[in-house]
Amino acid sequence: MRSVPRVWRERVTKYRLIGGACKDCGKTFYPYRRSCPVCGSDNVEPRKLPETGVVETFSIVRSPPTEFVGQAPYVVALVRLDDGTLVPAQITDVEPDEVHEGMRVEAVLRRYREQGEKGIIEYGIKFRPVISNE
Ligand SMILES: [Zn+2]
């Protein structure tokens, strides 16, 4: 059987913020996987996660892997969603120096990377600061 390209397989879970919820230990996680990263249980179901949260920790990447060079410097963060789920993700639409712990962010769909000469563009979830009207 021909295998479905990785990009295609991951599309559904990347386009919406779908994580996994473990029915045994109650933890939620992202990205979705079939066994719980906390307790190892296979009793996991997909769950739509909240699309807002805060920056828990972050680091600024100035010397990225080749495929991300055009984007440097950029910020990768651990975002704690409003339901407590931790999501590793890139922070976008903000100067790296303006990112801070506790910053309120929301999920957006953005170009993630281009794959070599074929120019396949992958899209994925990133987070950007929530614009407040204050
Ligand atoms: Zn578990």
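Residues numbered from 1 in each chain as written. Predicted model: local features only at pLDDT ≥ 70, side-chain atom pairs only at ≥ 80, totals over all residues. Heavy atoms only, no water.

A. Representation of the overall build of the chain in the model. Per the secondary structure count, the chain includes one helix and eight strands. N-terminal to C-terminal, the α/β element order of the chain is α-β-β-β-β-β-β-β-β. Excluding contacts between residues fewer than 6 apart, the proportion of contacts in the chain whose partners are at least 24 apart in sequence is 45%. Accessible area of the chain: about 8,700 Å², with a carbon and sulfur share of 48%. (Helix = DSSP H or I, 4+ residues; strand = E, 2+ residues; numbered from the N terminus. Contact = heavy atoms within 4.5 Å. Areas by Shrake-Rupley, 256 points an atom, 1.4 Å probe, with all protein chains shown as cover.)

B. Quick look at the coordination of the zinc ion. Coordination of the zinc ion by the protein is provided by Cys 22 (SG), Cys 25 (SG), Cys 36 (SG) and Cys 39 (SG), with metal-donor distances spanning 2.3 Å. Metal-centred angles of 106 to 116° between the four donor atoms at the zinc ion mark the site as tetrahedral. Between the donor residues of the zinc ion, the gaps in sequence give the motif C-x2-C-x10-C-x2-C. In this pair, Cys 22 is assigned in strand β1 (residues 18–22) and Cys 39 in the loop between β2 (28–29) and β3 (44–48), connecting sequence segments 17 residues apart. (Donors = N, O, S within 2.8 Å, 3.2 Å for Na, K, Ca; no water. Tetrahedral: all angles 85-135°; square planar, octahedral: opposite > 155°, others 65-115°.)

C. Quick look at the environment of Pro 50. Inspection of the secondary structure puts Pro 50 in the loop between β3 and β4 (52–61). When the C-alpha atoms of Pro 50 and Arg 16 are compared, they prove to be 10.0 Å apart, with 34 residues separating the residues in sequence. Ignoring anything within four residues of it in the chain, the contact list for Pro 50 reads Leu 17, Leu 81, Asp 82 and Asp 83.

D. Seen up close, the sheet that holds β2. Ordered in space as β2-β1-β3, the three strands form an open sheet in which the pairing is antiparallel. Two strands bound the open sheet, and with one partner strand each, they are β2 and β3. Inspection of the sheet shows β1 paired to β3 by five bridges, in the antiparallel sense. Looking at the pairing, Cys 22 lines up with Val 44 of β3. (Pairing = 2+ DSSP bridges.)

E. Inspection of the pattern of salt bridges at higher detail. A full pass over the atoms with the stated rule returns eight salt bridges. Among the salt bridges present, the one from Arg 47 reaches Glu 45, with a minimum N-O distance of 3.7 Å. Note that Arg 128 is salt-bridged to Asp 93, the shortest N-O span being 4.0 Å. With Arg 128 in strand β8 (residues 120–129) and Asp 93 in the loop between β6 (86–91) and β7 (104–115), the pair connects residues that are 35 residues apart, well separated along the chain. Here the salt bridges share partners, and the residues they tie into one network are Lys 23, Glu 45 and Arg 47. (Salt bridge = Lys/Arg side-chain N within 4 Å of Asp/Glu carboxyl O.)

F. Main features of the nonpolar core. With 18 residues, the main nonpolar core has Leu 17, Val 79, Leu 81, Ile 91 and Phe 127 as its most contacted residues. Of all elements in the fold, only β5 (74–81), β6, β7 and β8 reach the threshold of two or more residues within this core. The leading source of residues in this core is β5, at four residues. (Core = buried A, V, L, I, M, F, W, Y, C linked by side-chain atoms within 4.5 Å. Buried < 20%, exposed > 50% of the residue type's maximum accessible area, 1.4 Å probe, protein only.)

G. Up close: the side chain of Thr 28. Note that Thr 28 resides in strand β2. Reaching out from Thr 28, the side chain makes a polar contact with the side chain of Thr 85 at a distance of 2.4 Å. (Polar contact = N/O pair within 3.5 Å; in protein donor to acceptor, adjacent residues only side chain to side chain.)

H. Spotlight on the pairing of β1. Within β1, five of the five residues are buried, leaving the element largely enclosed by the surrounding structure. Here β1 shows a buried face lined by Ile 18, Gly 20 and Cys 22 and a second buried face lined by Gly 19 and Ala 21. Looking at chain direction, β1 and β2 are connected through two bridges and run antiparallel. Across the sheet, residue Gly 20 finds its bridge partner in β2, namely Phe 29.

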